[in-house]
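Reading the structure
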Amino acid sequence: MRWLLAAVLAGALAYFLLERKEDADYHPPPEPPQVTLPMTPVLSLEEIAKVRQSTRDQDPDVRWAAIKLLVTLKDPEIVSVMDKVIAQEPDPGLRARSIELLRSADNVGVLPPIIRGLKDPDKDVRISCLKTLGDIGDPAAIPWVVEALHDVDPEVKVAALRAMGRFQEQRAQEFEQVARQLRQNYESAVQRSQSLPPATRMPGLPAYGK
């Protein structure tokens, strides 16, 4: 009977040691890769070039539809197109609406045409530029927004102040997002550490929830 009991205890000890070894050797699987496929444009470069020509059509509705389409297509020459719109478009309302489209253009380098629009003779265009700069939130535009405080029109000055407020709000949101992510990473590390045997836990991490 003693040898049978000894055999059972030896088996249990071996099983326990094997489980501890498997826990110590366990590593969580890596995160699955994120596959992002670039969207292929429907129109060819030659067709997009024809759309650009439509931004100079005699009919303002045609010009507006062409500008919206180019922004939607993420035209690589959208900055050049918008420069021409701001400089040559006779309808101030269309200039203002075109500037507002750049809020969601997601193109690198959209700031220059918007900043140039701050010198537009129409105050509504200048206000649209300031609103758009505030929504984009790129701090590189701050010097030009501050300069707009010297505008002759009080409404433009108010728009400049509001744009500055938007810069500050977005900066605060960015810091809060970073802080939230750091907290989540720390809590995940604590949870993973507490699920491992004591000998394999990460040093310096307290028990989760304490």
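Residues numbered from 1 in each chain as written. Predicted model: local features only at pLDDT ≥ 70, side-chain atom pairs only at ≥ 80, totals over all residues. Heavy atoms only, no water.

**Some words on the pattern of salt bridges**
Overall, the coordinates contain 12 salt bridges when judged by the stated rule. Across the pair Arg 63 and Glu 89 runs a salt bridge whose closest N-O atoms are separated by 2.8 Å. Here Arg 63, found in helix 3 (residues 60-72), pairs with Glu 89, found in the loop between helix 4 (78-88) and helix 5 (92-101); they are 26 residues apart in sequence, far enough to count as distant. The exposure classification of Arg 63 matches that of Glu 89, with both residues buried. The partner of Lys 119 in a salt bridge is Glu 147, with the nearest N and O atoms 3.2 Å apart. With Lys 119 in the loop between helix 6 (111-117) and helix 7 (123-136) and Glu 147 in helix 8 (residues 142-147), this residue pair connects regions lying 28 residues apart in the sequence. A residue is classified by how much of its surface remains accessible, and Glu 147, at 41% relative accessible area, is partly exposed. (Salt bridge = Lys/Arg side-chain N within 4 Å of Asp/Glu carboxyl O. Helix = DSSP H or I, 4+ residues; strand = E, 2+ residues; numbered from the N terminus. Buried < 20%, exposed > 50% of the residue type's maximum accessible area, 1.4 Å probe, protein only.)

**Some remarks on unusual backbone geometry**
Here Lys 74, not a glycine, exhibits a phi torsion of approximately 55°, which is positive. For Lys 74, the position within the fold is in the loop between helix 3 and helix 4. Residue class for Lys 74 comes out partly exposed when judged on its relative accessible area of 41%.

**Observations regarding the packing of helix 5 against helix 7**
At a minimum axis separation of 9 Å, helix 5 and helix 7 run at an interaxial angle of 5°. By the angle class used here, helix 5 and helix 7 are roughly parallel. Contacts between helix 5 and helix 7 involve Pro 92, Arg 95, Ala 96, Ile 99 and Glu 100 from the first element and Asp 124, Val 125, Ser 128, Cys 129 and Thr 132 from the second. When the residues that make up the contact of helix 5 with helix 7 are grouped by side-chain class, the tally is 5 nonpolar, 2 polar and 3 charged. (Axes fitted to C-alpha atoms, helices over the stretch in contact; angles between N-to-C directions. Parallel < 35°, antiparallel > 145°, perpendicular 65-115°, else oblique. Contact = heavy atoms within 4.5 Å. Nonpolar A, V, L, I, M, F, W, Y, C, P; charged D, E, K, R; others polar.)

**A closer look at the confidence of the model for the protein**
Across the protein, the average pLDDT comes to 78, with 65% of residues at 70 or higher. When pLDDT is averaged over each element of the protein, helix 7 comes out on top at 95 and helix 1 (residues 2-25) at the bottom at 50. (pLDDT = per-residue confidence, 0-100.)

**What to know about helix 5**
Residues of helix 5 that are buried include every one of Leu 94, Arg 95, Ala 96, Ser 98, Ile 99 and Leu 101, and no others. With a side-chain oxygen lying 2.9 Å from the backbone nitrogen of Gly 93, the N-terminal cap of helix 5 falls on Asp 91. (Polar contact = N/O pair within 3.5 Å; in protein donor to acceptor, adjacent residues only side chain to side chain.)

**Looking at the nonpolar core**
In terms of nonpolar packing, the biggest core is built from 35 residues, with Ile 78, Leu 130, Leu 133 and Val 145 touching the most fellow members. The set of elements that each furnish at least two residues to this core consists of helix 2 (45-54), helix 3, helix 4, helix 5, helix 6, helix 7 and helix 9 (154-194). Look past the residues within four positions of Leu 130 in its chain and what remains in contact with it is Leu 118, Val 145, Ala 148, Val 156, Ala 159, Ala 160 and Ala 163. (Core = buried A, V, L, I, M, F, W, Y, C linked by side-chain atoms within 4.5 Å.)

**Section: helix 3**
Helix length check: helix 3, at 13 residues, gives a terminal C-alpha distance of 18 Å against a target of 18 Å (1.5 Å per residue), a fit within 8%. Those residues of helix 3 not exposed but buried are Arg 63, Trp 64, Ala 66, Ile 67, Leu 70 and Val 71. Axial view of helix 3: buried residues confined to an arc of 160°, hence all on one face. The exposed residues of helix 3 that point more than 90 degrees off its buried face are Asp 61 and Thr 72. Check the buried side of helix 3 and you find it contacts helix 2, helix 4 and helix 5. (Expected span 1.5 Å × (residues − 1). Arc of directions from axis to C-beta.)

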